[in-house]
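# Fold and contact review
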Amino acid sequence: MAVSVDALAEQVRPRFPIFERLTYVNSCSQGALSDDVRDAYARYLSDWDEHGAPWEYWVAQLDAARVTVADLLNADNDEIAITTSVSAGVDALASAFSFDGDRDKIVVSDFEFPTIGQIAHAQERRGARVEHVPAEPDGTIPLERFEAAIDERTALVAVTHVCFRNGAKLDIEPIAALAHERGALLLLDAYQSVGSLPVDVRALDCDFLAAGALKYLLGSAGLGFLYCRRDLVERLSPTATGWFADQDIFEMDIHDYSPASTARRFEAGTPPVPAIYAAIAGIGLMREIGIEETQKHVRGLTELLIEGLDELDGQVVTPRAWQERGALTCVASTDAEALVATLTERGIVSSSRDGNLRISPHCYNAREDIEAVLEALREHRALLRTGKG
Ligand SMILES: Cc1ncc(COP(=O)(O)O)c(C=O)c1O
């Protein structure tokens, strides 16, 4: 154990200067800045300076980002839209459904990020009905809950891979099988998993997947992506659209709507060019570091964290079984904001949601980071909820 939890961090840490100053355990919010991503931003500026108006080059970068994301997800290039956020991709997707026929229902798990629930409810104005799938008190959502909600009127099932609030991971394949058996399509929000564990759209059998580059993919803010299964692309015509979704971007025709025959039809306006440079660099670095190695490494760190929290009698709200959790561990707090502020004073960068402290180690974290967190929690134990209840 001692070797495996430290080896990867030792190797990659020099690429992330923040560790010279701070203990960074907040990759569920955003990844730490690497030298590669910093250089990518510098390259964006120098290319702009050098070429003046490098539109063709920028469009080539957009396509390079598409290839990078497709390769990451085991998708084809024409199944990927590069967007400015998860919200933008899911908005375009939702706009392509008409909820006026036999299938007017959207099933939404209670693990969803607000944007997914809000977009689903926005579709009520277009005739959709939304049903929520509740979580159990132990922070999991059993398959039976989905069985009860997905029916022959369901158009779309929205699930999240790893929940941003409690770190629980859903087993996607059985939910996808259930949705498909009942004629519904499955949208997976993989923002809290992609980069921290292998995500393969074919293996998961999801119809759509939305995520972004900011967190465990080490990119920056401003870049999202949407996967749409090949055979569904041309059945869906988004009404939330723009010129970069057109079949011929530079035709400049204002007289019709001819969406691209590929998933590019879910794009909209000027691409997020700086974030594209950063995402290509971040995803490239993450793949060089190794996503599977990172998953194993983080599992070791999480075990140390949970052991330490148990010693403090803290309430870990994330499920214990590794199959049921991702890289994020959540701990119940009596005052989560005060706890985050206290950790900040000690140079530890964390975050909170829903009354829980969130600790989300990644490839660059080492045993000493977990020890620093536990030490701080030991000193401020009054800010932890303790015991079982
Ligand atoms: C699971 C999940 N989905 C979606 C989002 C938001 O994505 P965006 O701001 O790109 O729309 C987040 C952001 O934290 C998230 O954690």
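Residues numbered from 1 in each chain as written. Predicted model: local features only at pLDDT ≥ 70, side-chain atom pairs only at ≥ 80, totals over all residues. Heavy atoms only, no water.

### Quick look at the packing of aromatic side chains
Convention followed: In this scheme Phe, Tyr and Trp rings, the latter by its six-membered ring, pair at centre separations within 6.5 Å, and the angle between planes marks the pair as stacked below 30 degrees, edge-to-face above 60, and tilted otherwise. Only DSSP runs of H or I with at least four residues qualify as helices, and only runs of E with at least two residues qualify as strands; both kinds are numbered from the N terminus onward. Exposure classes here rest on a 1.4 Å probe applied to the protein chains alone. A residue is buried below 20% of its type maximum, exposed above 50%, and partly exposed in between. When the NZ atom of lysine or the CZ atom of arginine is within 6 Å of a ring's centre and also within 35 degrees of its normal, the charge is said to sit over that ring.
Applying the stated criterion across every chain yields a total of 14 aromatic pairs. Centre to centre, the rings of Trp55 and Trp243 are 6.3 Å apart; their planes meet at 55°, and the pair counts as tilted. Highlighted residues: Trp55 in helix 3 (residues 55-73) and Trp243 in the loop between helix 9 (230-233) and helix 10 (273-289), separated in sequence by 188 residues. For Trp55, a relative accessible area of 30% translates into the label partly exposed. Residue classification places Trp243 among the partly exposed residues on the basis of a relative accessible area of 34%. Taking the centre distance of 5.8 Å and the plane angle of 10° together, the rings of Phe97 and Phe99 count as stacked. Using a relative accessible area of 8% as the deciding quantity, one classes Phe97 as buried. Each member of the aromatic cluster is reached from another via a ring pair, and the members are Tyr44, Trp48, Trp55, Trp58, Trp243, Phe244, Phe250 and Tyr277. Against the face of Tyr191 rests Lys215, its NZ or CZ located 4.7 Å from the ring centre.

### With respect to a negative patch on the surface
Filter applied, for reference: Here the term patch refers to residues with relative accessible area over 30% and no salt bridge, with like charges joined within 9 Å and nonpolar side chains (Val, Leu, Ile, Met, Phe, Trp, Tyr) within 5 Å. Here, Shrake-Rupley sampling with a 1.4 Å probe gives the accessible areas, and only protein chains in the shown set may cover a residue. We count a salt bridge whenever a side-chain nitrogen from Lys or Arg sits within 4 Å of a carboxyl oxygen from Asp or Glu. The sign given to each residue is positive for Lys and Arg and negative for Asp and Glu; His and the chain ends receive no count. For this purpose, a charge sits on NZ of Lys, CZ of Arg, CG of Asp or CD of Glu.
Taken together, the side chains of Asp138, Asp171, Glu173, Asp205 and Glu324 present a region of like negative charge at the surface. Mapped onto the elements, Asp205 comes out in the loop between helix 8 (201-204) and strand 7 (208-212). According to the relative accessible area criterion, Asp205 is partly exposed, its value standing at 35%.

### What about the nonpolar core?
Filter applied, for reference: Among buried residues, the Ala, Val, Leu, Ile, Met, Phe, Trp, Tyr and Cys ones that are joined through side-chain atoms within 4.5 Å form a nonpolar core.
One finds Leu73, Leu209 and Phe225 to be the most contacted residues of the largest nonpolar core, which totals 64 residues. Judged by nonpolar contacts, the second largest core, of 32 residues, contains Ala81, Val130, Tyr191 and Leu214.

Don't take any of this as a statement about function, it's just geometry.
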